[in-house]
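# Topology and contacts: notes
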Amino acid sequence: MTLTGQMMDQPLSISALIEYAEKYHGDTEIVSRRTEGDIHRYTYADAAVRSRQLASALQKNGVEPGTRLATLAWNGYRHLEIYYAVSGIGAICHTVNPRLFPEQIGWILNHAEDSHIFVDLTFLPLIEAVYASLTAKPTVVVLTDRAHMPDSSLDLVCYEELLAQGDSSGFEWPVLDEQTASSLCYTSGTTGNPKGVLYSHRSTVLHAWASCMPDVLNLSATDVILPVVPMFHVNAWGLPYAAAMVGAKLVFPGAGLDGPNLCELFSNEGVTLTAGVPTVWLAVLNYLAETGGNLGVLNRTVIGGSACPPSMIDALQDKYGVRVIHAWGMTEMSPIGTIGAPKARHVANDSFRPLQEKQGRPPYGVDMKIVDADGRDLPWDGKAYGDLWVRGPWICSGYYKPEKPDPHENGWFPTGDVATIDADGYMQIVDRSKDVVKSGGEWISSIELENIAMAHPAVAEAACIAARHEKWDERPLLIVIRKPGAVVDEAELLSHFEGKIAKWWLPDAVLFVDEIPHTATGKVQKLKLRERYGDYLITSQVTV
Ligand code: ADP
């Protein structure tokens, strides 16, 4: 018979994170670039007091546990207060991606039936455009003070006035079951309608804990963290929680996600760690090349969301001394799945650089495997590739109010990615299963072709798609934006692939364009490229 352990039964909770930061790191700063145009500074102690005040105000306004409250906001201190206040009272902080099309935003708000929408000044027109279609008629709260309240056709509530209704001193966080839902984030839904992933207090705290580990992000009270990844994209990869867990200074860039604004914050605030998708770094590196600037004391950056091109790893590490932490994850995984961290022998013989191009190995808490079309395990030899399946306490077990049946397979979540795993457990994404080029029954990795193209000095951005082909079904078509002023033609670019890939992987054609479309989360929109250029190899025509 087993014995029950005699340790305290304390549920993991999000409110305990901000309470911890207040008590042990109360004077650590949180700095935000505001939509009002200025820089705002306060401390974890201030953030904790205002989060309690907002929580109390929401309760006074009738917000019940389980209610969904939406945000349409940049990274900033008020958004952080909403994260803690809403989840802390057992309601659900539903972050909405403002870069989605208005119809998608309307669809998501109706699906979640939000009671409130907290909106930054910048995004008010978006809500005004969709409000008539919203069935729950949510209260619209503008994230500003009375002096900056805009005119609107809608009835608006001023955030600072709402907050002033609350009483922070008389308020205590309720004790919640750790499985209580805490936040909600929809995947961008490149196919079909968006799907809601409903995180819990337990999953959020465990994920934050894991991200602090040395071989994950190695976070500490001495760090200054600037999440470029938006708080509306998988909770800024969990950084607002993990930073509070260790008492790291937080720097929020607001709407200033361009090279000049980011570099100014990096150096003025002493940022040591940042995180974002590769497209952000394209802009920052271009800006640095133009201005001859540097990245201050920044010493590591987490890059994920799409494959980090090797040329970007080299530029950041060799030129600017910033270690690249290549990471892979998904909205469904909170998001951390794997992280590129070396093992002892890679450090001893300085052999980690090539492995950084892989997506990394899982931390404790994530289990993964690759399987064939019949769900049978494939070998971990770094060569065999198959569907990547995952499981763990911060991986979703089903979608919120799903339209389709649960996708799980015997307790595993099929990621939709195709990958290899090597003997040490390092995983490499070959492709998203819907993006892989299926040429005569064999698979070609669009990511690998893009990485090679991106290493050419004249290439600013490259995307590879499966174009229809009469003989082979599909063949790779490379779509390229040249760097400003750079000269390169198809023959030269294709010769750059020689010796780097098997001959039959060589793209059938290169198409030079001025623009490559991106999704709301900064990934290349391959679906759109396929619609536009999918018949190019059959007709050499572009469908507009
Ligand atoms: P969506 O874009 O559908 O909202 P996510 O932002 O959750 O979804 O993206 C998850 C997907 O992004 C993964 O399944 C994978 O295909 C891709 N991805 C994330 N990180 C990486 C990476 N480092 N390398 C390659 N692909 C990545």
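Reading guide: rules and limits
Residues numbered from 1 in each chain as written. Predicted model: local features only at pLDDT ≥ 70, side-chain atom pairs only at ≥ 80, totals over all residues. Heavy atoms only, no water. Helix = DSSP H or I, 4+ residues; strand = E, 2+ residues; numbered from the N terminus. Polar contact = N/O pair within 3.5 Å; in protein donor to acceptor, adjacent residues only side chain to side chain. Contact = heavy atoms within 4.5 Å. Buried < 20%, exposed > 50% of the residue type's maximum accessible area, 1.4 Å probe, protein only. Arc of directions from axis to C-beta. Domains from an automatic or database assignment. Buried area = accessible area lost by both parts, 1.4 Å probe. Salt bridge = Lys/Arg side-chain N within 4 Å of Asp/Glu carboxyl O. Nonpolar A, V, L, I, M, F, W, Y, C, P; charged D, E, K, R; others polar. Near = heavy atom within 4 Å. Areas by Shrake-Rupley, 256 points an atom, 1.4 Å probe, with all protein chains shown as cover. Pairing = 2+ DSSP bridges. Phe/Tyr/Trp six-rings, centres within 6.5 Å; stacked < 30°, edge-to-face > 60°. Axes fitted to C-alpha atoms, helices over the stretch in contact; angles between N-to-C directions.

As a further point, take the side chain of R361. With respect to the helices, strands and loops of the structure, R361 is situated in the loop between α13 (344–348) and β16 (367–371). Side-chain polar atoms of R361 contact the backbone oxygen of A341, separated by 3.2 Å. Of note is the side chain of R361, whose polar atom sits 3.3 Å from the side chain of Y426.

Turning next to the side chain of S182. Positionally, S182 belongs in strand β8 (residues 181–186). A polar contact is formed between the side chain of S182 and the side chain of T204, at a distance of 3.5 Å. Setting aside chain neighbours within four positions, we find S182 in contact with I14, S87, A91, I92, C93, Y199, S200, H201 and T204.

On to helix α16 (residues 526–533). Within α16, burial applies to K526, L529, R530 and Y533. Along the axis of α16, the buried residues cluster in a sector spanning 100 degrees; they form a single face. In the core, the buried residues of α16 are packed alongside α14 (446–454), β22 (459–469), β23 (473–482), β24 (509–512) and α17 (536–539).

As a further point, take the domain arrangement of the protein. Taken domain by domain, the protein consists of domain 1 (11–28 + 40–201 + 226–247) and domain 2 (435–539). Here the C-alpha centroids of domain 1 and domain 2 sit 40 Å apart. On the side of domain 2, 5 residues touch domain 1, which itself brings 7 residues to the contact. Together, the buried faces of domain 1 and domain 2 total about 520 Å²; carbon and sulfur atoms form 64% of this surface. For the pair domain 1 and domain 2, the interface holds 0 salt bridges. Linking domain 1 to domain 2 there are 1 residue pair in polar contact (both at pLDDT 80 or more). Of the residues belonging to the side of domain 1 that touches domain 2, the class tally is 2 nonpolar, 4 polar and 1 charged.

Below, the discussion takes up the site of the ligand. Neighbouring the ligand are 17 residues; S188, A327, T331, D417 and K523 lie closest to it. Measuring from a nitrogen atom of the ligand, one finds a backbone N or O atom of S306 at 3.5 Å. Separating an oxygen atom of the ligand from a side-chain N or O atom of T521 is a distance of 3.5 Å. Taking 570 Å² as the accessible area of the ligand by itself, protein coverage stands at 94%.

Moving on, we come to the pairing of strand β17 (residues 386–391). Across 5 bridges, the pairing between β16 and β17 is antiparallel. Following the sheet pairing, D367 is matched in β17 by R391. Across 4 bridges, the pairing between β17 and strand β18 (residues 413–421) is antiparallel. Paired with V390 across the strands is F413, a residue of β18.

Let us now look at the packing of aromatic side chains. In the structure shown here, the tally under the stated rule is 11 aromatic pairs. Ring geometry for F266 against W281: centres 6.2 Å apart, planes inclined by 10 degrees, an arrangement best described as stacked. Within this pair, whereas F266 is found in helix α10 (residues 259–269), its partner W281 is found in helix α11 (residues 278–291), the two being separated by 15 residues in sequence. For F266, a relative accessible area of 1% gives the class buried.

So, about α14. Along α14, 8 of the 9 residues are buried, which leaves the element largely enclosed by surrounding structure. Within α14, the full set of buried residues consists of S446, I447, L449, E450, N451, I452, A453 and M454.

If you trace the 4 strands from one edge of the open sheet to the other, you get β16-β17-β18-β19, paired in antiparallel fashion. The open sheet has two edge strands with one neighbour each: β16 and β19 (427–432). Pairs of neighbouring strands in the sheet enclose a mean axial angle of 45 degrees, with direction left out of account.

This part takes up the pattern of salt bridges. Scanning the entire structure with this criterion turns up 31 salt bridges. The salt bridge involving K343 is made with D424; its shortest N-O contact spans 3.9 Å. In this pair, K343 is assigned in the loop between β15 (336–339) and α13 and D424 in the loop between β18 and β19, connecting sequence segments 81 residues apart. Residue class for K343 comes out partly exposed when judged on its relative accessible area of 26%. A salt bridge links K369 to D377, with the shortest nitrogen-to-oxygen separation between them at 3.4 Å. Note on K369: relative accessible area 15%, which makes it buried. Here D377 falls in the exposed class, since its relative accessible area comes to 55%. A single network of salt bridges, built from pairs that share partners, joins R34, E36, D38, R50, R78, E81 and E160.

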